[in-house]
Every structure is written in structure tokens, then in C-alpha cells.
Amino acid sequence: MRALFVTATGTDIGKTYLTCRLVEQAKGRLAALKPIMSGFDASDIKTSDSGQLLKSMGRAQTLEEVEKISPWRFAAALSPNMAAAREDRQLAIDEIVSFCHKASQECAPAIPLIESVGGVMVPLNASHTTLDWQVALGAPCLLIAGTYLGALSHSLTALTVLAHKGMRPIALLLNTSPDSPVSPDDMAQTIGQYHPDLPLFIIPRNKNHNTDIMPSALLDLIFAQFPAQ
């Protein structure tokens with residue numbers, strides 16, 4: 001599939017933030033989709049994940065545009081299965097996968113970044129997780145982690161779970177956590193001992209949302225996955 005799946009070791013790790021920065025810096029060569037969104041408030045679209053993604057693509061931050069990239073939206077800021085249950089709804093993985101394929105084709109020639117929800121194993125319904133979604137798409141992925149105390153175990157666990165399903169990220173991005181006693185360099189070095197062949201990038205968390213924080217080597221790596229058609 002001509003798309004890149006963006007997943008993380010947990011929630012609030014920086015998927016939307018880094019996806020926006022990649023899209024902005026790629027200048028039209030990347031697009032963004034976030035098919036499932038919990039905690040959505042239609043009265044505050046601009047600060048929502050989908051609203052930020054739309055802004056990064058230079059598109060209007062309207063409900064009509066949100067619907068095009070985020071068709072499944074829930075009010076409760078919970079895992080999708082729980083948020084859907086509160087609205088007497090249910091997510092069907094085949095419908096999600098079908099949307100991703102269709103929307104990805106419509107993004108061409110830009111390569112879509114499909115932003116997942118929460119972490120690697122978040123439940124979508126009673127029998128499927130975000131990992132099942134990723135496997136069904138068959139798309140390569142980026143894994144995002146923080147550098148907080150405990151992130152080392154979370155990162156190695158996520159990599160092990162992904163490998164169990166035959167999924168190997170094209171890269172691991174360490175989005176630096178504020179006020180962490182853990183050095184990003186030390187964390188990168190330790191992960192490298194377990195995964196020496198995994199490209200790893202340390203990305204500074206920038207409150208000014210500068211668009212030039214993504215290493216050019218990371219963008220080159222992404223584009224190398226998708227030869228020109």
C-alpha cells in the first residue's frame with residue numbers, strides 16, 4: 001500500500017505533532033489522514049488533531065474537511081472501542097481499511113501518513129486492535145516514542161509486539177519528553193543495542209511548532225519506501 005502508518009508506544013506521545021511537522025516540511029509530497037479520532041469537539045476544530053493536520057496541509061479547518069480525513073469521530077477521550085460504545089456505535093475494521101485504501105489513492109501523488117489512534121495495541125472493537133488495522137493495511141510504519149522514565153521499556157515492548165506480527169518500523173522517532181531524567185542520547189544508545197539496524201531519530205519537542213525540525217535523512221528514508229510511479 002502506498003501509505004505510511006504512524007503509530008506510537010502510547011497516547012499523547014506526539015503522533016499528530018510529528019505528522020504535522022513532516023507534512024509541512026515535505027511541502028506537498030506528504031498528506032495526512034486520521035481515520036479515527038476520540039475526544040473530538042466540533043466546536044473546537046482548530047485545536048483538534050484533525051484540525052492541526054488540515055492546517056499542516058494548507059486546508060480549511062472546517063467540519064466538512066475534517067470528515068474527509070477523519071470519518072470516525074467520538075466525543076469521549078477514550079480508546080475507540082469505549083468511545084464508540086458510549087455512542088452506541090461500533091467500529092468495523094474492514095470499513096476502516098477500505099477507507100484508508102480509497103483515501104490514499106485520492107491523495108496521490110502525495111504519500112499519505114495514516115495516523116493511528118493511541119498506541120500499538122489500542123482496542124478498536126471486541127476483536128481488533130490498531131495493530132490488526134496496521135497489519136490489514138500492509139503499509140510500512142513509523143514508530144514514535146517519548147523519552148520519559150519508562151519509555152525504554154515501552155519502546156522495546158512495542159518493537160517486540162510489532163515484530164511478532166511481522167511488522168518492522170522503517171524508523172523509530174524519539175520525541176523528547178519535557179523534564180525527563182532520561183537522556184535521549186542514552187535512550188537511543190540502549191535501544192540501538194537491541195535493534196542495531198533500526199534507524200533512530202531524536203526529535204526535539206518544539207513549542208513554537210517550527211517546520212524545520214525533521215532531519216532530511218528521515219524524509220529521504222520515507223520517500224525511499226515509495227519509488228516514483
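Coordinates for the structure precede this section.
Everything numeric here is computed off the predicted structure, so don't read it as measured data. (Residues numbered from 1 in each chain as written. Predicted model: local features only at pLDDT ≥ 70, side-chain atom pairs only at ≥ 80, totals over all residues. Heavy atoms only, no water.)

For the rest of this paragraph, the subject is the packing of aromatic side chains. Under the criterion given, the structure shown has 2 aromatic pairs. Seen in terms of ring centroids, Phe5 and Trp133 are 5.1 Å apart; in terms of plane orientation they differ by 85 degrees. Their pairing is edge-to-face. Taken as a pair, Phe5 in strand E1 (residues 4–8) and Trp133 in helix H6 (residues 130–137) lie far apart in primary sequence, 128 residues in all. Each member of the pair Phe5 and Trp133 is classed as buried. Consider the rings of Trp72 and Phe99, whose centres lie 5.8 Å apart with planes at 90 degrees: the pair is edge-to-face. Taken as a pair, Trp72 in strand E4 (residues 72–73) and Phe99 in helix H5 (residues 93–107) lie far apart in primary sequence, 27 residues in all. (Phe/Tyr/Trp six-rings, centres within 6.5 Å; stacked < 30°, edge-to-face > 60°. Helix = DSSP H or I, 4+ residues; strand = E, 2+ residues; numbered from the N terminus. Buried < 20%, exposed > 50% of the residue type's maximum accessible area, 1.4 Å probe, protein only.)

Bringing the state of the cysteines into the picture now. Counting across every chain of the model gives 0 disulfides. The thiol of Cys100 is unpaired, and the distance to the nearest cysteine sulfur, on Cys107, comes to 10 Å. Cys100 sits in the buried class, given a relative accessible area of 0%. The cysteine Cys141 is free of any disulfide, with Cys100 supplying the nearest cysteine sulfur at 14 Å. (Disulfide = S-S within 2.5 Å.)

The next thing to look at is the pairing of strand E2 (residues 30–33). Of the two faces of E2, the one holding Leu30 and Ala32 and the one holding Ala31 and Leu33 are both buried throughout. In terms of strand pairing, E2 meets strand E5 (residues 111–115) through 4 bridges, oriented parallel. Its bridge partner lying in E5, Leu30 is registered against Ile111. (Pairing = 2+ DSSP bridges.)

Moving on, we get to the nonpolar core. The biggest cluster of nonpolar side chains holds 61 residues, and the ones touching the most others in it are Leu30 and Trp133. Counting residues per element, this core draws most heavily on H5, at 7 residues. With residues up to four places along the chain from it excluded, the contact list for Trp133 reads Phe5, Pro35, Ile36, Ile93, Ile96, Val97, Cys100, Ile114, Glu115, Ser116, Val117 and Leu124. Formed by 15 residues, the second largest nonpolar core is a distinct cluster that contains Ala158, Met167, Leu174 and Leu198. (Core = buried A, V, L, I, M, F, W, Y, C linked by side-chain atoms within 4.5 Å. Contact = heavy atoms within 4.5 Å.)

Once that is clear, we can look at the sheet that holds strand E6 (residues 141–145). Strand order in the open sheet formed by 6 strands is E2-E5-E1-E6-E7-E8, with parallel pairing between adjacent strands. Of all strands in the sheet, those bounded by a partner on one side alone are E2 and strand E8 (200–203). Direction aside, neighbouring strands of the sheet carry axes that sit 25 degrees apart on average. (Axes fitted to C-alpha atoms, helices over the stretch in contact; angles between N-to-C directions.)

Position of Val117 among the secondary structure elements: in the loop between E5 and H6. If near-sequence neighbours (up to four positions away) are discounted, Val117 is found in contact with Lys15, Lys34, Ile36, Pro80, Val122, Leu124, Thr130 and Trp133.

Moving on: the pairing of E1. Most of E1 sits out of view: 5 of its 5 residues are buried. Here E1 shows two buried faces, one formed by Leu4, Val6 and Ala8 and the other by Phe5 and Thr7. Bridge count for E1 against E5 is 3 bridges, and the pairing is parallel. Bridging across to E5, Val6 finds its partner in Glu115. Two elements, E1 and E6, share 4 bridges in a ladder whose sense is parallel. For Thr7, the partnering residue across the bridge sits in E6 and is Leu143.

Let us look at the side chain of Thr147. Within the fold, Thr147 resides in the loop between E6 and helix H7 (151–164). Reaching out from Thr147, the side chain makes a polar contact with the backbone nitrogen of Ser177 at a distance of 2.8 Å. With sequence-adjacent residues up to four places away left out, Thr147 is seen in contact with Leu174, Asn175, Thr176, Ser177, Ser180, Val182, Pro184 and Met187. (Polar contact = N/O pair within 3.5 Å; in protein donor to acceptor, adjacent residues only side chain to side chain.)

Honestly, it's all geometry; don't read function into it.
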